[in-house]
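# Coordinate analysis (summary)
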Amino acid sequence: MLVTVEVLTIVLVAIATALALAHALELPGKLRLPRDVYQAIQAIYYPGFTIGGAAEPAALLLTAALLFLMPSGTAAFWLTVGAFAGLLAMHAAYWILTHPVNNFWLKDTQLGGTGAAFSLSAPLALLLSRTRRTGPPCGTAGSGPTLCGPFSAS
């Protein structure tokens, strides 16, 4: 049973990491887009990332389960503690930083199915977030490279 949980956990962590890495790798290209194009493409990512994003909490839960299955005090146990802490930080970063920005981009978008249910969790993200943006998370287009998203100076 331990091997099965380990393998399933590794697969889910890999999916969650791949989605975060995809966002990071696409950012330089998206920052070169004009504001209207940047805003237009934001909604196309949400359905797929919502489905794949289910791997994040599942990986967190399975990693926690591994902590109970591992013999305590072993190297594997402490590596699993470190992995759990990293996944917890990744999950917290999503709710505090990314989810409020996603809700801004999707405020005028009609979502259905899983995406609609997931976007209803916005109040949780607002409670966790220490700051709340009042303007769009994107600079002014047409003045050279524009910094958009949560890294915007505007």
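Residues numbered from 1 in each chain as written. Predicted model: local features only at pLDDT ≥ 70, side-chain atom pairs only at ≥ 80, totals over all residues. Heavy atoms only, no water.

### Considerations on the nonpolar core
Val-5, Leu-12, Ala-16, Ala-55, Ala-59, Leu-60, Leu-62, Leu-66, Met-70, Phe-77 and Leu-87 form the largest nonpolar core, which has 11 residues in total. Contributions of two or more residues to this core are made by helix H1 (2–31), helix H3 (55–69) and helix H4 (75–105). Counting residues per element, this core draws most heavily on H3, at 5 residues. Excluding residues within four positions of it along the chain, Ala-55 makes contact with Leu-12, Ile-15 and Ala-16. (Core = buried A, V, L, I, M, F, W, Y, C linked by side-chain atoms within 4.5 Å. Buried < 20%, exposed > 50% of the residue type's maximum accessible area, 1.4 Å probe, protein only. Helix = DSSP H or I, 4+ residues; strand = E, 2+ residues; numbered from the N terminus. Contact = heavy atoms within 4.5 Å.)

### Some remarks on the pattern of salt bridges
Taken as a whole and assessed by the stated rule, the structure comprises 1 salt bridge. Note that Glu-26 is salt-bridged to Lys-30, the shortest N-O span being 3.4 Å. Of this pair, Glu-26 and Lys-30 both sit in helix H1, separated by 4 residues, roughly a single helical turn. For Glu-26, a relative accessible area of 17% puts it in the buried group. (Salt bridge = Lys/Arg side-chain N within 4 Å of Asp/Glu carboxyl O.)

### Re the packing of aromatic side chains
In this structure the tally under the stated criterion is 2 aromatic pairs. Ring geometry for Phe-77 and Trp-78: centres 5.1 Å apart, planes at 80°, overall edge-to-face. With a centroid separation of 5.3 Å and an interplanar angle of 85°, the aromatic rings of Tyr-94 and Trp-95 are classed as edge-to-face. Note on Tyr-94: relative accessible area 16%, which makes it buried. Overall, Trp-95 belongs to the buried group, its relative accessible area being 11%. (Phe/Tyr/Trp six-rings, centres within 6.5 Å; stacked < 30°, edge-to-face > 60°.)

### What about a nonpolar patch on the surface?
A surface patch of nonpolar side chains, amounting to about 330 Å² of accessible area, comprises Val-3, Val-7, Val-11 and Ile-15. Residue position: Val-3 is located in helix H1. The class for Val-3 is exposed, based on a relative accessible area of 56%. (Patch = residues over 30% accessible without salt bridge, like charges linked within 9 Å, V, L, I, M, F, W, Y side chains within 5 Å. Areas by Shrake-Rupley, 256 points an atom, 1.4 Å probe, with all protein chains shown as cover.)

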